[in-house]
Amino acid sequence: MKIYFHLNLDGFSNCYVVTNSATMEALIIDPGKITREILLQLEDGPFNLTAVLITHNHDSYTRGLSTLKKIYTPKIFAADYDIAESEETILKGDGIIQIAGLNIGYMALPGHASDSLAYKIGRVVFTGDAITAGLVGNTNSSYAHRTLLSNLQTKILSQQDDIILMPGHGPPISVAAERKFNQAFQPDHLKTRW
């Protein structure tokens, strides 16, 4: 498995292309914008684009879907029916799916958005906007903030220290670094925030 990072300058959001050279298949996570580089990466493999994974339904993460659908026929996995468009690709709660010869764990992380998901492939977790280097996703209420923190603590920060987090914005981070440096998870913040 190889992971390729692409920055969408329109929304300053991250898009990831994950390839499996054993099966010559690929998947894309959060296609905010489909660039020439992404298309060449798929075509030069040549990789069969079998799936698109969406962490949450925000335009800067889904805008490239229309382009992909014109060229390829991937299955689209999301927690939002309007995006997934099929009962078999709607993801609810936590579970495991197999795509492109890879076992992919998915975890519901509501709080930033009601349809937020994280995807774990091997030792890498794609988190969308739920967590970024030193920050947690924006929420619109104290209840949503507490829900997000609780989900992040039980599903993300409970992972092994060396698990890499690939966020929707900013650089990759490790679980150990977030546990140690993210202010949202420090004892003083947890007592006084809400």
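Residues numbered from 1 in each chain as written. Predicted model: local features only at pLDDT ≥ 70, side-chain atom pairs only at ≥ 80, totals over all residues. Heavy atoms only, no water.

Engineer: So what about the nonpolar core? Which residues, and what values?
Structural biologist: One finds L27, L53, I99 and I104 to be the most contacted residues of the largest nonpolar core, which totals 21 residues. When residues of this core are traced back to their parent elements, those giving at least two are β2 (13–20), β3 (25–29), β4 (48–53), β6 (95–99), β7 (102–108), β8 (117–121) and β9 (124–128). With residues up to four places along the chain from it excluded, the contact list for L27 reads Y16, V17, V18, L49, A51, L53, I99, A100, L102, I104 and I121. If you look at the next biggest cluster of nonpolar residues, it comprises 19 residues, including V17, A26, F47 and A84. (Core = buried A, V, L, I, M, F, W, Y, C linked by side-chain atoms within 4.5 Å. Buried < 20%, exposed > 50% of the residue type's maximum accessible area, 1.4 Å probe, protein only. Helix = DSSP H or I, 4+ residues; strand = E, 2+ residues; numbered from the N terminus. Contact = heavy atoms within 4.5 Å.)

Engineer: An account of the pattern of salt bridges is needed here, citing residue identities and associated values.
Structural biologist: One pass over the full model with this rule turns up seven salt bridges. D10 is the salt-bridge partner of K33, the closest N and O atoms lying 3.8 Å from each other. Pair noted here: K33 is in the loop between β3 and α1 (36–44) and D10 is in the loop between β1 (2–8) and β2, with a separation of 23 residues, a long-range link. With a relative accessible area of 40%, K33 lands in the partly exposed category. The exposed category is assigned to D10, whose relative accessible area is 52%. Linking R63 and D59 is a salt bridge whose minimum nitrogen-to-oxygen distance equals 2.7 Å. (Salt bridge = Lys/Arg side-chain N within 4 Å of Asp/Glu carboxyl O.)

Engineer: Please set out the side chain of E25 residue by residue, giving values where relevant.
Structural biologist: Within the secondary structure, E25 sits in strand β3. Buried charge without a salt bridge: E25, with K75 as the nearest opposite-charge side chain at an N-O distance of 9.9 Å. In contact with E25, other than residues within four places in its own chain, are V18, T19, N20, F47, N48, T50, A100 and G101. (Lys, Arg positive; Asp, Glu negative; His and termini not counted.)

Engineer: Tell me about the packing of aromatic side chains, and please be specific about residues and values.
Structural biologist: The final tally for this structure, using the stated rule, is two aromatic pairs. The interplanar angle of 55 degrees and the centroid separation of 6.1 Å between the aromatic rings of F5 and Y16 together place this pair among those described as tilted. A residue pair is termed long-range when its members are at least 10 positions apart, and F5 in strand β1 and Y16 in strand β2 qualify at eleven residues. What makes F5 partly exposed here is its relative accessible area of 46%. The rings of F5, Y16 and F126 are connected pair by pair, giving a single aromatic cluster. (Phe/Tyr/Trp six-rings, centres within 6.5 Å; stacked < 30°, edge-to-face > 60°.)

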